[in-house]
Amino acid sequence: DKEWIRNFGEIWFMQYPDEHPDFPSDKENFYGWLMQFRDGNRIDLHVETIEHAKAHMGDDKLCEILLDKDNVLPKIPESTDEDYHVKKPTREQFSCYCNNFWCCLNNVAKGLWRKEIPYVQDMINSWIRKQLESVLSWKIGIETDFSVSVGKSAKYMYKWLSKEEYDAYLSTYFMGTVEEGWRAVFAMTELFSAVAPGVAEKL
């Protein structure tokens, strides 16, 4: 029954993630609605059985019990984002990330030479950018004793990077031209080259 959720207000658009055919779901135990209302409010509503909730409440330390009218839920530790803090890499991880950054740039150069901009964008944003984000995150981790989260897609890096570093990072995004692509690639390599050796030395 999906109609009762309309008691929250007039729904503008909505997703049913548990009904997506390409992703696993367990509708017998939990179900979710992602709702955007016309009044501007957004609710991601997730319902589940008591048994499933008890078994999985500790899966994410950000969990916080706001109200338990029937006292059916267990006591849990105070909410914390520590599971999402930047993790200190091993020497092997660091080396592999650096290797992946530089080796995958070959694919970008090939794509730019062939003017295959969709391929170039995918290689940069799905592969190379992730390596750059990791090195910048490790720099932040060193400076904060690995006690902070930079957020999903590293969206909070600006809080700890210098303005110059963050502006340099933003300059690695580009529109759909070969010239812009080359400019972004060189911006990436300059930033990576400026940050990675210092991170390696301090780790």
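Let us look at the structure shown here. (Residues numbered from 1 in each chain as written. Predicted model: local features only at pLDDT ≥ 70, side-chain atom pairs only at ≥ 80, totals over all residues. Heavy atoms only, no water.)

**Side note on the nonpolar core**
Stated precisely, the cut-off is as follows: Residue types Ala, Val, Leu, Ile, Met, Phe, Trp, Tyr and Cys, when buried and joined through side-chain atoms within 4.5 Å, form a set referred to as a nonpolar core. We call a residue buried when its accessible area falls under 20% of the maximum for its residue type, exposed when it is over 50%, and partly exposed in between, using a 1.4 Å probe and counting protein chains only. Secondary structure follows DSSP: runs of H or I at least 4 residues long count as helices, runs of E at least 2 residues long count as strands, and numbering of each begins at the N terminus. Whether two residues touch is decided by their heavy atoms; if any such pair falls within 4.5 Å, the residues are in contact.
In terms of nonpolar packing, the biggest core is built from 35 residues, with V108, I124, I128, L132, L136 and M157 touching the most fellow members. Among the elements of the structure, α2 (91-113), α3 (117-143) and α5 (178-202) are those that each provide at least two residues to this core. It is α3 that contributes the most residues to this core, ten residues altogether. Apart from residues no more than four positions distant in its own chain, I124 is found in contact with V108, R129, F174, V185 and M188. I11, Y31, W33 and L45 belong to the second-largest nonpolar core, a separate cluster that totals seven residues.

**Topic: the packing of aromatic side chains**
Note on aromatic pairs: each is described by the distance of the centres and the angle between the planes. This is how the line gets drawn: Aromatic rings from Phe, Tyr and Trp, with only the six-membered ring used for Trp, were paired whenever their centres fell within 6.5 Å, and each pair was classed as stacked if the ring planes differed by under 30 degrees, edge-to-face if by over 60, and tilted otherwise.
Tallied over the entire structure, the rule returns 13 aromatic pairs. Relative to W33, the ring of W4 has its centre 5.5 Å away and its plane inclined at 85°; by these criteria the two rings are edge-to-face. Highlighted residues: W4 in the segment before β1 (11-15) and W33 in strand β2 (residues 30-37), separated in sequence by 29 residues. What makes W4 partly exposed here is its relative accessible area of 35%.

**Observations concerning the sheet that holds β2**
The line we're drawing: The pairing criterion is simple: DSSP has to find at least two bridges between the two strands. Only the stretch in contact is used when fitting a helix axis, every axis being a line fitted to C-alpha atoms; angles between N-to-C directions are given from 0 to 180 degrees.
With antiparallel pairing, the three strands of this open sheet are ordered in space as β1-β2-β3. In this open sheet, the two edge strands, each paired with only one partner strand, are β1 and β3 (42-48). Across the sheet, the mean angle from the axis of one strand to that of its neighbour is 25°, orientation sign disregarded. As judged from the seven bridges shared by β2 and β3, these two strands associate in the antiparallel manner. Its bridge partner lying in β3, M35 is registered against I43.

**Re unusual backbone geometry**
Within the chain, F146 stands out as a residue other than glycine whose phi angle is a positive 50°. By the secondary structure assignment, F146 is in the loop between α3 and α4 (163-170). Even without glycine at this site, A154 takes up a positive phi of about 60°.

**Quick word on α5**
To be explicit about the condition: For a helix, the expected span equals 1.5 Å multiplied by the residue count minus one.
For α5, which comprises 25 residues, the first-to-last C-alpha distance of 36 Å matches the rise-based estimate of 36 Å (1.5 Å per residue) to within 8%. Residues of α5 that are buried include every one of V178, G181, A184, V185, A187, M188, T189, L191, F192, V195, A196 and V199, and no others. Looking at the buried residues of α5, the elements they touch are α2, α3 and α4.

Treat this as a map of the structure, not an account of what it does.
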